[in-house]
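Coordinate analysis (summary)
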Amino acid sequence: MERLLPFLDSVPEALKGLLPEMLLLGGILLVLLIGMGKQIRPKLLAAVSVLVLLGYLALLLPVSIDTTQAMGLGLGVADGLGWFLRILVGAAALLTVLISLSSTEQEGSYAQQAEYYALVLAMCLAGALVAVSTHLLLLFVAIEFLSIGGYLLTQFHFTAKSAEASMKYILFGAAVSAISLFGISLLYGFTGTLDLNSYDFIRGLLSSASLPVLLAAFLVIGGMLFKMAAVPYHFWMPDVLSHTPVPIAALLATLPKLAVLGILVRLVKRLDDVSLIFVDAAVDWQAILAVIALLTLLVGNLAALYQTQLKRLLAYSSIAHVGFLLAAIACFSSLGIQSLLFYGLMYVIATYAAFLMSRSADTHQLILIKDLTAVGRTHPWQGVLWTITVMALIGLPPSLGFTAKVLVFSALWESIQNYYHPWLWALLLVSIGATVLSLFYYLRIPYYLYFKGPAIHLSGNKMSKIDIWIGTFLCFLLLLGFLMPNGLLELIYRVKFAF
Amino acid sequence: MYQSLLTLLFLIPLLAALIIALLPQSLRPYYKIITTSSLGFSLACAIALLWGFDSNAIGYQFYEKVQWFGLSLGSLGKVQVNYELGVDGISAMLVFLSALILLIGAVSSWEIDKQEKGFYALYLLLSASIFGCFIALDFFLFYVFFEFMLLPMYFLIGLWGGPKREYASIKFFLYTLAGSLLILLVMIALSLSVIDPVATGQEMGLSATEAFEQIKNTQGQLQKYQIVAENQVHTFSLLWMNDATNFVPRSALSMVGGLQFWGQHARLWAFLALLIGFAIKLPSVPFHTWLPDAHVEAPTSISVVLAGVLLKIGAYGIIRFAYGIFPEGALYYSEWIAGLGVLSILYGALNALAMKDLKKMVAYSSVSHMGYVLLGLATLTIEGVSGAVYQMISHGFISPLLFLLVGVLYLRTHNRSIEDYRGLASRMPVFTFFVIVAFFASSGLPGLAGFIGEILIYLGAFKSAGGNAMVPYWMALLATLGLVLGAAYYLWTLQRMFFGAFWTRKPEWEPLLGKLSLREYLMFVPLLMGILLLGIFPSLILDIISTSVGHFVESTLQVGEENLRQLAKFIR
């Protein structure tokens with residue numbers, strides 16, 4: 001009891017840093033309570049969710065990003081990296097709620113249900129926890145939390161196909177979770193602690209044989225690569241995205257990926273530090289990451305070439321973008337981290353814009369690219385928004401996508417200059433080639449929008465006013481970010497992260 | 001008055017594009033007027049530019065610089081991107097050419113009758129980015145304009161083009177993007193290697209004026225490893241990239257201890273990457289296959305701009321970036337560059353000889369003429385480089401006229417096959433007169449524009465073969481075959497299409513082949529005057545470019561040799 005009391009005393013202090021997340025928790029309960037009423041009040045549910053998420057972001061804003069301090073009883077860390085990812089995760093959830101407001105008939109009635117909003121908030125909460133965790137226990141719990149939310153959300157078309165996609169996701173996910181839990185237990189066996197920050201952890205790693213450590217680390221990192229949909233853990237992504245409503249697809253394409261970026265950076269950095277000290281059998285983590293990034297780029301881009309469904313195409317394109325994110329991590333430099341964050345931000349905006357704009361073709365649940373035929377001519381503004389989005393996805397100026405790509409390439413060049421690493425060189429060349437390759441499938445969108453004709457759906461599409469406004473806002477951000485990146489770059493530069 | 005002339009130059013079309021995009025459909029008749037008048041205003045700016053240009057001064061004039069954004073790299077210093085504009089003689093001339101051709105292209109596009117709004121807005125965006133390319137002094141800014149050109153072109157060819165337009169537009173996009181990514185690679189490596197000595201001086205605590213005096217001092221310290229990375233301000237500015245002492249030692253592209261790949265120094269690879277990137281745009285054989293497709297499918301006005309201006313950006317890029325930044329590459333690979341040039345001249349001409357489509361024939365003649373530019377540049381003699389620039393300008397007058405003339409025929413009959421017409425001279429004498437002048441000018445008849453450029457290039461090639469040995473004799477000799485072939489395909493076409501008894505494949509075309517319209521005269525006459533003027537008074541252009549060309553040749557040779565000698569220590 002004597003030992004417990006001071007511990008209990010420290011709990012409120014420890015939870016203070018997690019105040020935004022507490023708000024989310026309250027929001028989840030509130031949404032569920034509202035849902036228990038007899039009447040279905042989708043507008044109220046959405047409003048509450050939006051308010052909660054805005055509150056979450058508002059509470060995060062004053063948090064200092066220049067310092068790093070442990071929080072949540074040493075399970076996590078409040079640093080700039082975590083802060084940035086929490087913001088991105090919150091923004092993604094907010095956008096999802098906003099674009100669910102005007103879900104079309106074809107997408108189904110998911111947005112009527114309290115569970116849906118609760119799950120979106122829960123995904124945000126889980127993502128935020130993953131982003132700040134430095135303790136493998138919290139990491140595992142939060143990732144599972146994230147996964148379960150994802151499994152459930154995949155179901156929200158309530159069709160046999162979406163059940164199938166969800167089942168694939170669950171089976172694959174469960175297996176990967178088990179494997180990564182096994183990896184965590186191995187690490188615990190080697191070090192006697194799960195706290196990545198603790199001295200014991202490093203000492204334990206140093207005093208154990210390198211091969212088992214490598215194996216264990218592989219297993220743990222596999223779990224994160226699964227969430228990011230990096231090769232070879234990418235199979236779930238296209239199926240899941242093509243069978244879920246647009247807002248959920250966008251959420252699943254962005255939120256989990258961003259959430260695990262932080263811990264991936266921390267873990268790989270720690271392992272690399274350790275492996276530098278291993279003289280006998282040093283593990284080249286940079287090469288491993290570079291190869292994974294390279295494969296992800298190739299697989300994502302090559303597979304995207306053969307898609308006829310728009311959401312499947314976007315799924316493979318998002319796999320390709322993960323390749324760029326991993327490439328930024330593989331640089332192992334501060335410029336690499338900066339470009340990672342910049343790219344992550346661009347990725348969220350462009351992905352949401354793309355998924356949102358896919359509604360301009362929304363005629364059935366599986367959106368085909370050819371459904372876009374002549375939309376650019378019948379609805380010029382939607383065509384313009386699509387074009388800006390595609391420019392950002394390809395990485396053409398004047399869009400944020402260009403700046404993001406230039407930053408990643410710069411980080412790669414700088415690392416090549418510092419490390420003379422042949423795999424980084426290969427990665428740079430492949431990422432250049434992948435950009436050319438991506439042109440083939442991205443250009444298919446403007447091709448159908450403008451070049452093909454005549455329009456197949458003369459009645460036009462049913463993109464609502466609010467969707468157009470959100471799309472316009474996102475595209476405006478994509479252009480503005482290119483023209484005035486100064487503030488963003490300064491912010492990202494100030495982002496410090498623990499070890 | 002002249003302070004922000006360059007900004008004005010590209011801002012006007014940009015604003016006009018915005019205005020057209022915002023105007024309602026009911027004001028459709030005004031689109032073409034807005035487009036034409038805004039480009040007319042740009043032409044006025046370009047004329048003011050030439051008027052105020054001091055042709056005796058070395059260096060960039062009408063200089064503008066504003067900081068755009070900076071990227072902190074922490075312990076590695078920072079990278080600064082500037083909005084930096086300026087022109088020398090070569091680019092001033094090219095700006096004038098672009099303004100004129102874009103205006104004529106705008107007049108020519110009055111015949112567009114579907115989706116005018118999109119067409120004119122995209123055309124103006126294209127114009128703005130073309131101007132931007134020629135006036136940007138910051139590599140990043142240049143690249144932005146260079147890349148941004150792709151999307152308007154893609155839509156302009158793909159939406160308003162001929163039957164195979166989709167294929168042609170995507171081919172154009174892919175080729176150019178592949179090339180520009182090579183350029184991007186080099187650009188990024190450069191920005192990580194080059195510092196801005198003035199800004200670095202300021203970072204080290206010197207005041208702005210002091211720092212300016214101490215550029216040499218700063219550079220010296222840099223080369224002695226005395227500037228810590230934290231203080232280095234990296235730059236994309238061309239002004240500093242030209243000087244090897246601004247390269248951080250042991251960085252990827254520095255002379256001292258730069259990277260090596262497959263036994264070759266990274267600077268030489270970077271030169272090759274830039275050369276290929278811009279040679280795709282030029283285009284030179286074997287990267288040329290996008291051009292005939294793009295030309296054949298593009299609407300007339302876009303063909304005019306493509307041939308008249310866009311191709312010159314490739315040549316300009318080689319001069320300014322490939323040669324300017326890596327002069328040793330220009331020396332090291334001179335024979336290869338000349339070889340590519342000769343290959344383009346001959347292969348382009350032979351292809352033109354074999355074409356049945358008049359527009360394709362003209363397109364291949366462009367490939368052939370751009371080969372001359374490469375050959376002229378490779379010689380690194382005053383004559384050769386002046387000739388190359390002259391060829392760029394004269395081709396910028398002749399090829400638009402050729403495409404417009406083809407457009408005359410196509411507009412009337414929707415057919416361009418050479419073998420479907422005979423004896424056109426008897427029905428369309430004025431048209432035939434313009435064709436004959438354009439053909440002769442293009443094949444290099446003395447007294448017309450094409451002659452001066454070509455003769456200067458041959459002079460340069462032979463002088464180089466006997467002097468600085470950049471181009472071997474046999475290449476110079478082989479290249480003269482290009483003159484014969486050029487005369488052959490033009491004369492043969494003239495004979496087949498225009499002389500003899502009048503005949504057309506379909507009798508219903510006969511009444512269509514009538515007089516030229518006023519608008520057509522408006523486009524042809526200025527170009528014709530230009531061709532005559534340039535042919536008779538070459539000094540009009542040579543005066544403006546001579547100082548810049550002289551400086552360019554001298555510094556390329558001098559710095560290139562010096563660099564090559566240093567690199568030889570590092571090359572096995």
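Residues numbered from 1 in each chain as written. Chains lettered and ligands numbered in written order. Predicted model: local features only at pLDDT ≥ 70, side-chain atom pairs only at ≥ 80, totals over all residues. Heavy atoms only, no water.

As annotated in an unreviewed UniProt entry, chain B is NADH-quinone oxidoreductase subunit M from Shiella aurantiaca. A UniProt comment under Sequence similarities (unreviewed entry) is attached to chain B, and it reads "Belongs to the complex I subunit 4 family." (UniProt positions renumbered as here; feature names shortened; annotations may be inferred.)

For chain A, the name recorded in an unreviewed UniProt entry is NADH-quinone oxidoreductase subunit N, with Shiella aurantiaca as its organism. Under the UniProt heading Subunit (unreviewed entry), the entry covering chain A gives this text: "NDH-1 is composed of 14 different subunits. Subunits NuoA, H, J, K, L, M, N constitute the membrane sector of the complex."

On to the overall build of chain B, then. Helices and strands together make up the secondary structure of chain B, namely 24 helices and 7 strands. By the burial criterion, 65% of the 572 residues in chain B qualify as buried. Sequence-distant contacts, at least 24 apart, represent 79% of the contacts inside chain B between residues at least 6 apart. About 19400 Å² of surface is accessible on chain B, with carbon and sulfur atoms providing 65% of the total. For chain B, the distance from the average site of its 32 positive side-chain charges to the average site of its 32 negative ones is 9 Å. (Helix = DSSP H or I, 4+ residues; strand = E, 2+ residues; numbered from the N terminus. Buried < 20%, exposed > 50% of the residue type's maximum accessible area, 1.4 Å probe, protein only. Contact = heavy atoms within 4.5 Å. Areas by Shrake-Rupley, 256 points an atom, 1.4 Å probe, with all protein chains shown as cover. Lys, Arg positive; Asp, Glu negative; His and termini not counted. Charge placed at Lys NZ, Arg CZ, Asp CG, Glu CD.)

All names here are of chain B. Across its 26 residues, helix α14 (residues 300-325) extends 36 Å between first and last C-alpha, which sits within 8% of the 38 Å expected from 1.5 Å per residue. Maximal helix bending in α14 amounts to about 40 degrees, located at Leu306. Most of α14 is tucked away, with 26 of its 26 residues classed as buried. (Expected span 1.5 Å × (residues − 1). Bend = angle between axes of the 7 residues up to and from the residue.)

Attention now moves to unusual backbone geometry. Of note, the amide linkage connecting Val231(A) to Pro232(A) takes the cis form, showing an omega dihedral of 5 degrees. Mapped onto the secondary structure, Pro232(A) falls in the loop between α9 (210-228) and α10 (236-242). Cis geometry is adopted by the peptide bond preceding Pro283(B), which originates at Leu282(B) and carries an omega value of -15 degrees. Relative to the elements of secondary structure, Pro283(B) occurs in the loop between α12 (266-281) and α13 (290-297). Here Phe158(A), not a glycine, exhibits a phi torsion of approximately 55 degrees, which is positive. For Phe158(A), the location among the structural elements is in the loop between α6 (136-154) and α7 (160-191). At Phe332(A), a residue that is not glycine, the phi angle is positive and equals roughly 55 degrees.

Attention shifts here to the pattern of salt bridges. Residue and element names in this part refer to chain A. Inspection of every chain in the model, using the stated rule, returns 18 salt bridges over all chains. Here Arg359 ties to Asp467 by a salt bridge, and the two come within 2.7 Å at their closest N and O atoms. With Arg359 in the loop between α14 (334-357) and α15 (375-378) and Asp467 in helix α20 (residues 465-483), this pair connects stretches of sequence that are 108 residues apart. On the basis of relative accessible area, Asp467 is assigned to the buried category, the value being 1%. (Salt bridge = Lys/Arg side-chain N within 4 Å of Asp/Glu carboxyl O.)

Let's shift gears to the packing of helix α7 (residues 165-193) of chain B against α13(B). Residues and elements named next belong to chain B. Relative orientation of the contacting elements α7 and α13 amounts to 140 degrees, with a least axis distance of 9 Å. Of the possible angle classes, the one that applies to α7 and α13 is oblique. When you trace α7 past α13, the crossing you get is left-handed. Contacts between α7 and α13 involve Arg165, Tyr167, Ala168, Lys171, Phe172 and Tyr175 from the former and Trp290, Asp293, Ala294 and Glu297 from the latter. When grouped by side-chain class, the residues that make up the contact of α7 with α13 number 6 nonpolar, no polar and 4 charged. (Axes fitted to C-alpha atoms, helices over the stretch in contact; angles between N-to-C directions. Parallel < 35°, antiparallel > 145°, perpendicular 65-115°, else oblique. Left-handed = near helix turned anticlockwise from the far one by under 90°. Nonpolar A, V, L, I, M, F, W, Y, C, P; charged D, E, K, R; others polar.)

Before going further, it helps to spend a moment on the environment of Tyr489(B). Residues and elements named next belong to chain B. Inspection of the secondary structure assignment puts Tyr489 in helix α22 (residues 473-497). Sequence separation of Tyr489 and Ser443 is 46 residues, and the distance between their C-alpha atoms is 9.0 Å. Those residues in contact with Tyr489, other than ones at most four positions away along the chain, are Ala349, Ala352, Leu353, Met361, Ser365, Ser368 and His369.

Residues and elements named next belong to chain B. What the domain assignment reports for chain B is domain 1 (1-195 + 232-281) and domain 2 (333-559). Relative to domain 2, the C-alpha centre of domain 1 lies at a distance of 25 Å. Each partner contributes to the interface: domain 1 provides 24 residues, whereas domain 2 provides 21 residues. Taken together, both faces of the contact between domain 1 and domain 2 bury some 2200 Å²; the carbon and sulfur share is 81%. Area buried by domain 1 at its contact with domain 2 is led by Ile90, Met93 and Ile104, which between them contribute 24% of it. The shortest N-O distance in the salt bridge between Glu111 and Arg519 comes to 3.4 Å. (Domains from an automatic or database assignment. Buried area = accessible area lost by both parts, 1.4 Å probe.)

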